[in-house]
Amino acid sequence: MTRRRPNLQGRLVRLHLFVLCGMTALLVVVQTAQLYGEARERLGERALTASRIVAKLPVVVQGTERGTQNPALNAQVNVLREEADADFIVVGNARGIRLAHPVPERLGKPMEGGDNAQPLAGQEVVSVARGSLGLSVRGKVPVWAGGVPGSRVVGVVSTGYLMPQVWHLVGSALISLLPWFVLALGLGTVGAVWAARRLRAEILNLEPEQIAALARQQRAVLAALREGVLAVDAGGLVTLSSDRAVTLLGGQSAPAPLATLWPELALLTAGGAARTQNLELALRGEPVLVNLEPLEGGGFVAGFRDRAEALALAEELTHARGFVDVLRAQTHEYQNRLHVLSGLLQLGRGRRPCAS
């Protein structure tokens, strides 16, 4: 059992939805990348602001100047971390040794990530690096001796947000955009159905396979015709020509202006074509008989044949008709003789009388 293909409307709707879904997916990817960059920038600025505040605290300045562990420093920094809603705030001395960290077991160990060079050189920096807690967006600022910017760098403050926070912001933004994506898909579906119906109505509710079959049949019919056929649109452009027409026109085929292919016919039909039978015109100096059939919406179809061929065919038909008339007369005479014989037999005079 052959599987029936979906109709044109269904195929157009599916194709439109496939394209629309592909474009929506591409838009989601682009929007996600843009939101990811914006989230990183926003969290980086927040981390940098928190690091600046922490770097100016007296307890931090004094702790980094001494460069030794201080439980009070660690406790106060962790309180600030919770208030800033950061994943970590790490304070390190001038050698990058941790003086404050969310995990007490990691105090006194070197800071990780490889991005301390700039803050220890007196520059603020926002970076994405992997530390002991994982990949994060971090803002790092230097700690200046005595809290005076431009003096000697005695430490570094690093405030960071782990990547799940970044993706959480991205996800929240995408969820807020989800209704608009759904609305776009819905409107696209309605538009696809409407466009498919309009297109189907324009092509007389025919399926592509039916149109292809009609086109093949049309080509076969045109190839089988012994007379030339031209289809001309309302603008005077020949849109279709049969093989015989191409031969009679000297090898010129559609599409081409009718005025170029056949000036006399173009001049005759310049104001519109009326239904005409056996109109005698000249084509390339040879007389032809033309039949015109106007089309709805403008344009016409012209069928034409060589006048000499038509006359020769007419003569053949005349001879054939004369031959048929002779046969009809002979048949009639033969039937008369049969009637006479039948009458004689009915009268019992079947034998021929003998001469005395």
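Residues numbered from 1 in each chain as written. Predicted model: local features only at pLDDT ≥ 70, side-chain atom pairs only at ≥ 80, totals over all residues. Heavy atoms only, no water.

Undergrad: Quick one: what's the story with the overall build of the protein, residue by residue and with numbers?
TA: Looking only at helices and strands, the protein features ten helices and eleven strands. For a compact globule of 356 residues, the expected C-alpha radius of gyration is about 21 Å, and the protein comes in at 49 Å, more than 25% above that figure. With the C-alpha coordinates of the protein rotated into their principal frame, the extents come out at 175 × 55 × 30 Å. Looking at the protein residue by residue over its 356 residues, the buried ones come to 32%. Restricting the contact set of the protein to residue pairs at least 6 apart, pairs at least 24 apart contribute 49%. Taken as a whole, the protein presents about 22,300 Å² of accessible surface, with 60% of it coming from carbon and sulfur. (Helix = DSSP H or I, 4+ residues; strand = E, 2+ residues; numbered from the N terminus. Rg over C-alpha atoms; globule rule 2.2 N^0.38 Å. Buried < 20%, exposed > 50% of the residue type's maximum accessible area, 1.4 Å probe, protein only. Contact = heavy atoms within 4.5 Å. Areas by Shrake-Rupley, 256 points an atom, 1.4 Å probe, with all protein chains shown as cover.)

Undergrad: An account of the sheet that holds strand E10 (residues 286-294) is needed here, citing residue identities and associated values.
TA: Taken in spatial order, the six strands make up an open sheet running E8-E7-E6-E11-E10-E9, and their pairing is antiparallel. Every interior strand has two partners, whereas the edge strands, strand E8 (256-257) and strand E9 (276-283), have only one. Where strand E6 (residues 228-232) meets strand E7 (residues 237-241), three bridges bridge the pair, whose relative direction is antiparallel. What sits directly across from alanine 231, in E7, is leucine 240. (Pairing = 2+ DSSP bridges.)

Undergrad: I'd like to hear about the nonpolar core, residue by residue, with values.
TA: Within the largest apolar cluster, 29 residues are counted, with the highest numbers of intra-cluster contacts made by Val54, Val60, Val77, Val91, Val143, Val157 and Val166. Only helix H1 (8-55), helix H2 (58-66), helix H3 (71-84), strand E1 (88-93), strand E2 (98-100), strand E4 (134-144), strand E5 (153-162) and helix H5 (163-202) provide two or more residues apiece to this core. At eight residues, the largest contribution of residues to this core is made by H1. The contact partners of valine 157, leaving out residues within four places of it in the chain, are Ser51, Val54, Ala55, Val60, Ile89, Val90, Val91, Gly139, Lys140, Val141 and Val143. With 20 residues, the next largest nonpolar core counts Leu249, Leu261, Val288 and Phe300 among its residues. (Core = buried A, V, L, I, M, F, W, Y, C linked by side-chain atoms within 4.5 Å.)

Undergrad: How would you explain the pattern of salt bridges if you had to name every residue and give the values?
TA: A complete count under the given rule lists six salt bridges for this structure. We note a salt bridge from arginine 52 to glutamate 124, for which the minimum N-O separation is 2.8 Å. With arginine 52 in helix H1 and glutamate 124 in the loop between helix H4 (117-120) and strand E3 (125-131), the pair connects residues that are 72 residues apart, well separated along the chain. On the basis of relative accessible area, glutamate 124 is assigned to the partly exposed category, the value being 40%. A salt bridge links arginine 138 to aspartate 115; the shortest N-O distance between them is 3.5 Å. (Salt bridge = Lys/Arg side-chain N within 4 Å of Asp/Glu carboxyl O.)

Undergrad: Pulling in residues and values, what's your account of empty space enclosed by the protein?
TA: Tallying each qualifying case throughout the model produces one cavity of 30 Å³ or more. Quantified by volume, the largest cavity comes out at close to 110 Å³. Lining the largest cavity are 13 residues; nearest its centre among them are Phe88, Val90, Gly131, Ser132 and Arg138. Secondary structure elements with two or more residues in the lining of the largest cavity: E1 and E4. Top contributing element to the lining of the largest cavity by residue count: E4, with three residues. (1 Å grid on protein atoms, 1.4 Å probe; cavity = no way out; pocket = protein on both sides within 12 Å on 5 of 7 lines; lining within 4 Å. Points joined across faces, edges and corners; volume = space filled by probe spheres on them.)

Undergrad: Which residues make up the packing of aromatic side chains, and what values go with them?
TA: As enumerated under the stated definition, the model contains one aromatic pair in all. A ring pair is formed by tryptophan 262 and phenylalanine 304, whose centres lie 4.9 Å apart and whose planes are at 70 degrees; its orientation type is edge-to-face. Of this pair, tryptophan 262 sits in the loop between helix H8 (258-261) and helix H9 (263-268) while phenylalanine 304 sits in strand E11 (residues 300-306), and the two are 42 residues apart along the sequence. The exposure class of tryptophan 262 is buried, given its relative accessible area of 1%. One residue, arginine 46, lies across the ring of tyrosine 161, its end atom 5.5 Å from the ring centre. (Phe/Tyr/Trp six-rings, centres within 6.5 Å; stacked < 30°, edge-to-face > 60°. Lys NZ or Arg CZ within 6 Å of the ring centre and 35° of its normal.)

Undergrad: Quick one: what's the story with the confidence of the model for the protein, residue by residue and with numbers?
TA: Chain-level pLDDT for the protein is 81 on average; 94% of the residues reach the 70-or-more range. Put simply, helix H10 (residues 307-346) is where the protein has its lowest mean pLDDT, 73, and E6 is where it has its highest, 89. (pLDDT = per-residue confidence, 0-100.)

Undergrad: Explain the packing of H2 against H3 to me, and be specific about the residues and the numbers.
TA: A pair of packed helices is captured by two measures, namely the crossing angle of their axes and the spacing between those axes. H3 packs onto H2 with a crossing angle of 140 degrees between their chain directions and a minimal axis gap of 10 Å. Classed by the angle they form, the pair H2 and H3 counts as oblique. The element H2 and its partner H3 pack so that their crossing is left-handed. Touching Val59, Val60 and Gly63 of H2 are Leu73, Gln76 and Val77, all from H3. Its residues assigned to classes, the contact of H2 with H3 comprises four nonpolar, two polar and no charged. (Axes fitted to C-alpha atoms, helices over the stretch in contact; angles between N-to-C directions. Parallel < 35°, antiparallel > 145°, perpendicular 65-115°, else oblique. Left-handed = near helix turned anticlockwise from the far one by under 90°. Nonpolar A, V, L, I, M, F, W, Y, C, P; charged D, E, K, R; others polar.)

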